[in-house]
Amino acid sequence: MIEIHDVTKHFGKVHALSGASFVARDGHVTALLGPNGAGKTTLLRMLVGLLRRDGGTIAVDGVDPGTDPMTVRRSIGFLTDQFGLYEKLTTREYLRYFGQLNGMDDAALARRIDEVTELLALGDILERRAKGFSQGQRIKVALARTLLHRPRNLLLDEPSRGLDVMSARALRRALAALRADGCCVIMATHVMQEVTNSCDDVIVIAGGRTVAQGTPQSLCERTGIASLEDAFVKLVGTEEGIAV
Ligand SMILES: Nc1ncnc2c1ncn2[C@@H]1O[C@H](COP(=O)(O)OP(=O)(O)OP(=O)(O)O)[C@@H](O)[C@H]1O
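Since we're looking at a predicted model, the values are computed, not measured. (Residues numbered from 1 in each chain as written. Predicted model: local features only at pLDDT ≥ 70, side-chain atom pairs only at ≥ 80, totals over all residues.)

A. Up close: the sheet that holds strand β1 (residues 2–11). In space, the three strands of this open sheet follow the order β2-β1-β4, with antiparallel pairing throughout. Pairing within the sheet leaves two strands with one partner each, and these edge strands are β2 (14–24) and β4 (55–60). Direction aside, the axes of adjacent strands within the sheet are offset by 25° on average. Here β1 pairs with β2 via eight bridges, running antiparallel. (Pairing = 2+ DSSP bridges. Helix = DSSP H or I, 4+ residues; strand = E, 2+ residues; numbered from the N terminus. Axes fitted to C-alpha atoms, helices over the stretch in contact; angles between N-to-C directions.)

B. Highlighting the site of the ligand. Surrounding the ligand, one finds 12 residues, the nearest of these being F11, A16, N36, T41 and T42. Looking at the shell around the ligand, the elements that each hand over two or more residues are β2 and α1 (40–47). A per-element tally of the shell around the ligand places α1 first, with three residues. Each residue belonging to the shell around the ligand can be placed in one class, and the counts come to four nonpolar, seven polar and one charged. (Near = placed C-beta within 6 Å. Nonpolar A, V, L, I, M, F, W, Y, C, P; charged D, E, K, R; others polar.)

C. Geometry of the UniProt feature "domain: ABC transporter" (unreviewed entry) in the chain. Cross-referencing UniProt, the feature "domain: ABC transporter" (unreviewed entry) maps to residues 2–232 in the present numbering. Secondary structure over residues 2–232 splits into 39% helix and 26% strand, and the C-alpha atoms at its two ends are 23 Å apart. (UniProt positions renumbered as here; feature names shortened; annotations may be inferred.)

Take a look at the structure:
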């Protein structure tokens, strides 16, 4: 479970977060929705201890990433906007390398590589080097790395960027499997269809503050609007930052 309360962060004169609070539960896929510049990436980076907050509290399974980032990182997988692939390694070599870094033994690692290859349909690029991979291929390999060691918590920053229909379906299957495994997943996204298809809860963040949290249905009921996209626009008060 990931809990944050009244978190603030500024970069010089820019107030990236000015009082964000929410709870993301185990066994739930929680969408983090907000316009461009709302503070989503800043928040995710704080959850893994890559950025220090100015104020407020954060607990990842009860541990504060500000004081004990190493413990938090062991229990968290983070798909960032920087995929960090190594051009000269094949997908299999790359996954094996990260699995070994996470202390997985050879037999378990080989089995798990087979599983994520199947889950994310990586078969055709498993033995290819990353140099020349398309955007969608890169994100799938980075996602496979993120899932490899079965972290209890997963942070996904816009995971569907550049995915084709088949890959988007593979992502949806992966999210369903993570939910069934009891993982706590937070996914920053601009794609409303993805939220409707895959997410149990939605956190709406705007101007660095949480403006709403609830199920997609409850946000629609609260705003009295049937479509989640229109409900989001009403909650945020702008049409910025929506992908259809
Ligand atoms: N290192 C930094 N230095 C200065 N300003 C920053 C830095 N990182 C983030 N910001 C600012 O903080 C605000 C929040 O940025 P953040 O990247 O968290 O937004 P976001 O919600 O992820 O946006 P997007 O949907 O466009 O990815 C923005 O105004 C951004 O310009």
